[in-house]
Amino acid sequence: MIDKLLKRPLELVEDNFKQPNGRAGRLIGHVMAKQHRTLTVWAIEHMEVRRSQRVLDIGCGGGMAVKLLSEQATQGFVAGVDYSAEMVRQSVRRNVDGVAAGRVEIKQGDAGELPYGDASFDQVSAIETFYFWPDPMRGLSEAYRVLKPGGQVSVTLEMSREAAEKPTAKQRLLGRRFTERSEREGLRILSGADLVEMLGKAGFRDARFVAEPLRSFGWVCALARK
Ligand SMILES: C[S@@+](CC[C@H](N)C(=O)[O-])C[C@H]1O[C@@H](n2cnc3c(N)ncnc32)[C@H](O)[C@@H]1O
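Residues numbered from 1 in each chain as written. Predicted model: local features only at pLDDT ≥ 70, side-chain atom pairs only at ≥ 80, totals over all residues. Heavy atoms only, no water.

- Taking an unreviewed UniProt entry as the reference, the protein chain is identified by name as SAM-dependent methlyltransferase belonging to Streptomyces scopuliridis RB72.

As structure tokens, then:
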């Protein structure tokens, strides 16, 4: 009974994490941007963005990463791409000054067909979005295409198979249930090693990952170079 009552709201939340749309999407976009802030800060720390770099954030959602990245690439350029029109609007609003100054650009587009030319960026990030891509290898090869030689890709996830030796109470109570449910809904729950293997297959070199297994459901950030 409780499961039935919860099913519709949970589906609504899941659908809107995947592709925020309409009023619910707008609300979830705002919640996501705040909820993912610490994960986003952590991911960006590992990217080590330089002042004059050109950076692309794929699946940019409400534009929090774009904002934080543009505070680091102060003399560079930061682009965000998302296939949700609602998230593009939210990202533009969050980055209105950068957009007006021509230092930030937000475009509607798909991870599998990025709206940028070859060798356009020094860094490409994808935060809490990789699970949803229908063809993740195609997305990685697009990231490879738009990176300059020597450029860096980073894929960050909030939920992974990086199990903690001593799980938190939340992980013990909800972890397996949550990941199994997500997999039933078609999400791929990956480990850092899985990400490293996929990056290697996409042609990247020096792939590695860092993990914080105790954070949320196992934070992981995989990085590699073109
Ligand atoms: C869970 S949200 C994360 C948003 C943001 N990166 C963050 O951390 O707050 C996932 C985002 O990825 C976008 N997305 C999912 N699949 C995509 C695809 N194939 N191409 C472009 N964007 C995609 C969704 O529209 C959504 O905004």
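1. Some details on the layout of surface pockets
- When its volume is computed, the second largest pocket comes out at roughly 330 Å³.
- Lining of the second largest pocket is provided by 16 residues; of these, Ser160, Ala163, Gly175, Arg176 and Thr179 occupy positions nearest its centre. (1 Å grid on protein atoms, 1.4 Å probe; cavity = no way out; pocket = protein on both sides within 12 Å on 5 of 7 lines; lining within 4 Å. Points joined across faces, edges and corners; volume = space filled by probe spheres on them.)

2. A look at unusual backbone geometry
- Positive phi, close to 50 degrees, is recorded for Ala119, a residue that is not glycine.
- On the secondary structure map, Ala119 appears in the loop between β3 (104-108) and β4 (121-127).
- Here Ser216, not a glycine, exhibits a phi torsion of approximately 45 degrees, which is positive. (Helix = DSSP H or I, 4+ residues; strand = E, 2+ residues; numbered from the N terminus.)

3. Describing the UniProt feature "domain: Methyltransferase type" (unreviewed entry) in the protein chain
- As annotated in UniProt, the feature "domain: Methyltransferase type" (unreviewed entry) corresponds to residues 56-153 in the numbering used here.
- Segment residues 56-153 splits into 36% helix and 29% strand. End C-alpha atoms: 9 Å apart. (UniProt positions renumbered as here; feature names shortened; annotations may be inferred.)

4. Section: the site of the ligand
- Around the ligand sit 22 residues, and of these His36, Gly59, Asp82, Ile127 and Thr129 come closest.
- Interatomic distance of 2.6 Å between a side-chain N/O atom of Asp82 and an oxygen atom of the ligand.
- In this structure, a nitrogen atom belonging to the ligand sits 3.3 Å away from a side-chain N or O atom of Tyr83.
- Taken by itself the ligand offers 590 Å² of open surface, and the protein chains cover 98% of this.
- For the ligand, the cavity whose grid points lie within 2 Å of the majority of its atoms is the largest cavity.
- A per-class count over the shell around the ligand returns eleven nonpolar, seven polar and four charged. (Near = heavy atom within 4 Å. Polar contact = N/O pair within 3.5 Å; in protein donor to acceptor, adjacent residues only side chain to side chain. Areas by Shrake-Rupley, 256 points an atom, 1.4 Å probe, with all protein chains shown as cover. Sits in = over half its atoms within 2 Å of the grid points. Nonpolar A, V, L, I, M, F, W, Y, C, P; charged D, E, K, R; others polar.)

5. Concerning empty space enclosed by the protein
- This structure, assessed with the given rule, holds one cavity of 30 Å³ or more.
- When its volume is computed, the largest cavity comes out at roughly 400 Å³.
- As for the largest cavity, its lining consists of 29 residues, of which Gly59, Cys60, Gly61, Asp82 and Thr129 are closest to the centre.
- At the level of secondary structure, the elements contributing two or more residues to the lining of the largest cavity comprise α1 (2-18), α2 (22-35), β1 (54-58), α4 (64-72) and β2 (77-82).
- Sorting elements by how many residues they give to the lining of the largest cavity places α2 first, with three residues.
- Split into classes, the residues belonging to the lining of the largest cavity amount to 15 nonpolar, nine polar and five charged.

6. Topic: the pairing of strand β6 (residues 205-212)
- Here β6 runs beside strand β7 (residues 219-225); their pairing, made up of six bridges, is antiparallel. Bridged to Arg205 within β7 is Arg225.
- Turn length for the β6-β7 hairpin, with the two strands adjacent in sequence and antiparallel, is six residues, and the turn residue Ser216 shows positive phi of about 45 degrees. (Pairing = 2+ DSSP bridges.)

7. Here we look at a nonpolar patch on the surface
- Residues Leu173, Leu174 and Phe178 make up a contiguous nonpolar surface patch of roughly 310 Å² in combined accessible area.
- Owing to a relative accessible area of 42%, Leu174 belongs among the partly exposed residues under this scheme. (Patch = residues over 30% accessible without salt bridge, like charges linked within 9 Å, V, L, I, M, F, W, Y side chains within 5 Å. Salt bridge = Lys/Arg side-chain N within 4 Å of Asp/Glu carboxyl O. Buried < 20%, exposed > 50% of the residue type's maximum accessible area, 1.4 Å probe, protein only.)

8. Side note on helix α9 (residues 192-201)
- Considered for burial, the residues of α9 that qualify are Gly192, Leu195, Met198 and Leu199. The buried residues of α9 occupy one face: seen down the axis, they fall within an arc of 125 degrees.
- Elements in contact with the buried residues of α9: α7 (136-146), β5 (147-157), β6 and β7.
- Two residues or fewer past α9, Gly203 is found with a positive phi of approximately 105 degrees. (Arc of directions from axis to C-beta. Contact = heavy atoms within 4.5 Å.)

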